[in-house]
Amino acid sequence: MHRIVQKRQLSDEVFLLRVEAPLIAAARRPGQFVIVQADSEFGERIPLTIADADPAAGTITLIFQVVGHTTHRLAALPEGGAIENVLGPLGRPTHIEKVGTVVCVGGGIGVAPLHPIAQGMKLAGNRVVIVIGARNAKLVILEDEMRAIADELIVCTDDGSRGRKALVTAPLKELCERSPKPDLAVAIGPPIMMKFCAETTRPYGVPTVVSLNTIMVDGTGMCGGCRVTVGGQTRFVCVDGPEFDGHQVDFDNLMQRLRTYKPREDELHERCHLELGIARLEGRRP
Amino acid sequence: MTHATPETLEAEARAQLDALLARAEPLKAKDRLKIPPQPMPSQPAAVRRGNIEEVALGFGPAQARLEALRCWQCKNAPCIEGCPVRIDIPGFVRAIAENRLEEAIAILKRNTILPAICGRVCPQETQCQEKCTVGKALKDVNAAVAIGRLERYAADWEREQGCAAPPAVKPETGKKVAVIGSGPASITVAADVRREGHAVTMFEAFHKPGGVLLYGIPEFRLPKRIVELEIATLRAMGVEIRTNFVVGRTRTLRQLLDEDGYDAVFIGAGAGLPKFMNIPGENLVGVFSANEYLTRANLMRAYDKARAHTPIYPSRKVAVLGGGNVAMDAARMALRIGAEEVHLVYRRTEVEMPARVEEVAHAKEEGVEFHLLQNAKRILGDEYGRVKAIECVRYELGEPDESGRRRPVEVKGSEFVMDVDTVIVAIGNEPNPLIRQTTEGLQTSRWGTILADEATGQTSLERVYAGGDIVLGAATVILAMGEGRRAAAAINAMLATR
């Protein structure tokens, strides 16, 4: 059992839970994730990225958007409550070194896993430019935390309700056109955003790392559900990733695979709204 | 085929048994040969396709005694040679024949700690029963004494009595052993090491212990309550079980030895990444490894659609690629999940199939269609990237290869397309990569299996032992248990001198 020591609602759909997990807090490094299960008997196992950790307090911070059954259940848990199963840290840590200027692009909930990576890049001595994007002002998360790290912070929203009215690819393109151009880009967010970030940097030859969040069951290299096509080869997100060369990832295949259980997920989504008494959120993304 | 109920089979056996027991003169070999092999009572195929309950129901008491009376009690006992853990087979079979069940189970437990499981899942026809003199005399391995079914009978009897006491544990030695994984090899090591009085911690990555017995082998072949009972026995012995703990990530193997005070480590981490065919279309939506499909169905209980939150792909026509037990399990599970048609595609013939004979027979009875001497060449998708068909090619058997099996050769130009919406790939696993990747100095083979001494399980690292699929590649429960036995003995011997 993992006690929830802090709970915050960051936006309509986004929650932050600080959870007791001393071993994970001690071992985790930027880029890694956990598998969470709300109950052992019939719960599903879902991967969630680790947004932060405090080894001294023995806690990890999870930030997630309510999309499926488990995220709804987690969102309904009170402070002081507990999550039954948390496994981790999983995946290969981000390769962090001093390369010069690093552009970190986070879209929506992708800002959460980007946070420890940006932190690590800064600590390694890089100049860190951070671009965060969301559909609207209410969905912008971790702006203050990112500002504290960034040498330069650009916020943009789809509707212009906060920062620039732009998609993250617009400032990313401008940054690539600067001289000198960035030495590395890290893009984390919805697959479609990562795809277009990779397309944006490709003509400038800026190496671009993306972090993939796929369907997973065990998360330890056993089920193969997380496989993706990278450079024409099959790779496993849980043990080969989650980070890959964005210029090599077959995003179209990734997006198709993410929709494998779509009809079932929609059905469960309806059901858990009824069961948990959660009001339908407006403007929920499919 | 008509289906005999368990009651009918037991009544028939009872009449024959009574007649035999009423005879004054002892049974001769030729009398024993005349006793018909006892059929395993089972759920009717049409019924069991629609449920997840165990298919084979187990012998009744008269059936068990009658089957046991078929044994010749050979002095040289070739069956023992066929058993990876050298169970005294004539001994326990005789005890059943003479209705001394407590003695039967005691004999079994001298060599195996998991008789209820091995009796169900061992490939007996290539082990003990292959060597059986009765089978040889009848020129049919399937007419050998049903050793596995008798083993199951004795173990089930003991469980139903509720008299299985956990093995005695010697006084605490103050030494600590870490066991990585909770499958058959690890369960064996945990029990055997704990018996000597050493503290044992078992680390399992999943949220429930049991390994392949839980996530891999389906309920209809191995009820989970049997696995849970074995785990409960370990707990009763004082073994600490830590779930949600993946060695290599949560803590490294080195940390367990150097910082956490473990005197020895046993690696029984089992199978890892599923193998795929490396054919076009394998990452389409609707293509699954058998590992994933079965884990969803078994461990995550996706078959219970009303309660489980883990989804499973809704299939109408399924192709399963492979011919082993896992392929049979996946095919039969797909039927139970609701598929209308399940096609098993295997590139050799039924003779070469590595699956247990009983599983092949059960799969056929349940309506799995076998496509032998065929192989998948390409998987075809629709505009949404979902599987819509599979292109296969026919094979014929050529010259024998190094394994002695005739090598299948592709028949040029014999390609054809089969409409399916789901493909399950069941052609085996690579060993789990995590420990290899995170443990310096641990020597592995070029296939990624951990190199370990055959007699002791000792790896290239001091105080580190390994066994089961992580060493053998894909093997069986009984072989994993045998390796666990040897490794535990070596660990106990090493700790005695430390």
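Here we summarise the structure given alongside this text. Here the structure is a predicted model, which is why all the values come from computation and not from measurement.

Parameters and conventions
Residues numbered from 1 in each chain as written. Chains lettered and ligands numbered in written order. Predicted model: local features only at pLDDT ≥ 70, side-chain atom pairs only at ≥ 80, totals over all residues. Heavy atoms only, no water. Salt bridge = Lys/Arg side-chain N within 4 Å of Asp/Glu carboxyl O. Helix = DSSP H or I, 4+ residues; strand = E, 2+ residues; numbered from the N terminus. Buried < 20%, exposed > 50% of the residue type's maximum accessible area, 1.4 Å probe, protein only. Phe/Tyr/Trp six-rings, centres within 6.5 Å; stacked < 30°, edge-to-face > 60°. Lys NZ or Arg CZ within 6 Å of the ring centre and 35° of its normal. Pairing = 2+ DSSP bridges. Axes fitted to C-alpha atoms, helices over the stretch in contact; angles between N-to-C directions. Contact = heavy atoms within 4.5 Å. Buried area = accessible area lost by both parts, 1.4 Å probe. Polar contact = N/O pair within 3.5 Å; in protein donor to acceptor, adjacent residues only side chain to side chain. Nonpolar A, V, L, I, M, F, W, Y, C, P; charged D, E, K, R; others polar. Arc of directions from axis to C-beta.

Bringing the pattern of salt bridges into the picture now. Applying the stated criterion to the full structure yields 56 salt bridges over all chains. A salt bridge links R3 of chain A to E20 of chain A, with the shortest nitrogen-to-oxygen separation between them at 3.3 Å. Of this pair, R3 of chain A sits in strand β1 (residues 2–9) while E20 of chain A sits in strand β2 (residues 14–20), and the two are 17 residues apart along the sequence. Judged by its relative accessible area of 41%, R3 of chain A falls in the partly exposed class. Under the relative-accessibility criterion, E20 of chain A is labelled partly exposed at 31%. For K109 of chain B, the salt bridge is made with E158 of chain B, and the minimal N-O distance between the two is 3.1 Å. Taken together, the residues K109 of chain B in helix α7 (residues 101–111) and E158 of chain B in helix α11 (residues 147–161) connect sequence positions 49 residues apart.

We now examine the packing of aromatic side chains. In total, this model carries 8 aromatic pairs over all chains according to the counting rule given. Where Y261 of chain A meets Y313 of chain B, the ring centres are 6.4 Å apart and the plane angle is 85°; that geometry is what we call edge-to-face. Of this pair, Y261 of chain A sits in the loop between α8 (251–258) and α9 (262–276) while Y313 of chain B sits in the loop between α16 (290–297) and β7 (317–321), placing the two residues on different chains. An identical accessibility class is assigned to Y261 of chain A and Y313 of chain B; each is buried. On the numbers, 4.4 Å between centres and 45° between planes, the contact of F203 of chain B with F245 of chain B is tilted. Of this pair, F203 of chain B sits in strand β2 (residues 199–203) while F245 of chain B sits in the loop between β3 (240–242) and α15 (253–258); the two residues are 42 residues apart in sequence, bridging distant segments of the chain. Here F203 of chain B falls in the buried class, since its relative accessible area comes to 3%. Here the aromatic residues Y261 of chain A together with F288, Y293 and Y313 of chain B are joined through ring pairs into a cluster of three or more. Sitting above the plane of the F220 of chain B ring, R336 of chain B keeps its charged end 4.0 Å from the centroid. Positioned above the aromatic ring of F370 of chain B, the side-chain terminus of K364 of chain B is 5.4 Å from the ring centre.

Quick look at the sheet that holds β2 of chain B now. Residue and element names in this part refer to chain B. Strands sit in the order β3-β2-β1-β4-β16 across an open sheet of 5 strands; the sheet is parallel. The strands lining the two open edges of the sheet, one partner per strand, are β3 and β16 (464–466). Here the strands of the sheet are splayed against their neighbours by 20° on average, with no regard to which way each runs. In the sheet, strand β4 (residues 264–267) pairs with β16 via 3 bridges, with the strands oriented parallel.

This part covers the interface of chain A and chain B. With 45 residues of chain A in contact, the opposing surface of chain B contributes 48 residues. Interface area for chain A against chain B, summed over the two sides, is near 4,000 Å², with a carbon-plus-sulfur share of 54%. Taken as a group, F42, M222 and Y261 of chain A account for 20% of the area that chain A buries against chain B, more than any other trio of residues on that side. Applying the counting criterion to the chain A and chain B interface returns 2 salt bridges. Our count for the contact surface shared by chain A and chain B stands at 22 residue pairs in polar contact (both at pLDDT 80 or more). Of all elements in the fold, only α1 (22–27), α2 (69–76), β7 (85–90), β14 (227–230), β15 (233–236), α8 and α9 of chain A reach the threshold of two or more residues within the side of chain A that touches chain B. For the side of chain A that touches chain B, the leading source of residues is β7 of chain A, giving 6 residues. Broken down by class, the residue content of the side of chain A that touches chain B amounts to 16 nonpolar, 17 polar and 12 charged.

Moving on, we get to helix α5 (residues 169–177) of chain A. Residues and elements named next belong to chain A. For α5, the full list of buried residues reads P171, L172, L175 and C176. Down the axis, α5 shows its buried residues gathered within 145° of arc, on one side only. Those residues of α5 that are buried lie in contact with β8 (101–107), β9 (127–134), β10 (152–157), β11 (164–165) and α6 (191–201).

Time to look at the sheet that holds strand β13 (residues 208–211) of chain A. Whenever strands of a sheet pair, they do so through backbone hydrogen bonds, lying parallel or antiparallel. All names here are of chain A. The strand order across the open sheet formed by 7 strands is β11-β10-β9-β8-β12-β13-β16, and the pairing between neighbours is mixed. Edge positions in the open sheet fall to β11 and β16 (243–245), since each of these has one partner strand only. Inspection of the sheet shows β10 paired to β11 by 2 bridges, in the parallel sense. When the bridges of β11 are listed, T157 appears paired with K165. Packing against the sheet, α6 makes contact with β8, β12 (184–188) and β13, and its axis sits at approximately 165° to β12.

By themselves, these observations are geometric and do not establish any function.
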